[in-house]
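One-letter residues, chain by chain:
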Amino acid sequence: MKNIKSPLILVFAIIGVCAVVYGGWHLYQEHVANEQAKAAFTAPPAKGVPDMYHNAPPPPQP
């Protein structure tokens, strides 16, 4: 490895690499959160719970 004349350049390079990694991680987490939010609204409701987000037939009347 070559001698770096200014250690400040090395520090900035390390900070830049960390910023790129953090940005990628942030975008990945945002994507995962959006997918989980979509899945919560598109999943069928649990048995016995009324379906408020989709057109469901009314419950049977006595």
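Residues numbered from 1 in each chain as written. Predicted model: local features only at pLDDT ≥ 70, side-chain atom pairs only at ≥ 80, totals over all residues. Heavy atoms only, no water.

1. Looking at the overall build of the protein chain
Thinking step 1. Looking only at helices and strands, the protein chain features one helix and zero strands.
Thinking step 2. Taken over 62 residues, the protein chain has a buried fraction of 0%.
Thinking step 3. When the accessible surface of the protein chain is totalled, it reaches about 6200 Å², and 70% of it is carbon and sulfur. (Helix = DSSP H or I, 4+ residues; strand = E, 2+ residues; numbered from the N terminus. Buried < 20%, exposed > 50% of the residue type's maximum accessible area, 1.4 Å probe, protein only. Areas by Shrake-Rupley, 256 points an atom, 1.4 Å probe, with all protein chains shown as cover.)

2. Points about a nonpolar patch on the surface
Thinking step 1. Where nonpolar side chains cluster on the molecular surface, the patch consists of L8, V11, F12 and I15 and spans about 400 Å² of accessible area.
Thinking step 2. Structurally, V11 can be placed in helix α1 (residues 7-42).
Thinking step 3. A residue is classified by how much of its surface remains accessible, and V11, at 42% relative accessible area, is partly exposed. (Patch = residues over 30% accessible without salt bridge, like charges linked within 9 Å, V, L, I, M, F, W, Y side chains within 5 Å. Salt bridge = Lys/Arg side-chain N within 4 Å of Asp/Glu carboxyl O.)

3. With respect to the packing of aromatic side chains
Thinking step 1. Scanning the model with the defined rule gives one aromatic pair in all.
Thinking step 2. An angle of 40° between the planes, with centres 5.7 Å apart, marks the rings of W25 and Y28 as tilted. Pair noted here: W25 and Y28 are both in helix α1, with a separation of three residues, about one helical turn.
Thinking step 3. Classification of Y28 as partly exposed rests on a relative accessible area of 46%. (Phe/Tyr/Trp six-rings, centres within 6.5 Å; stacked < 30°, edge-to-face > 60°.)

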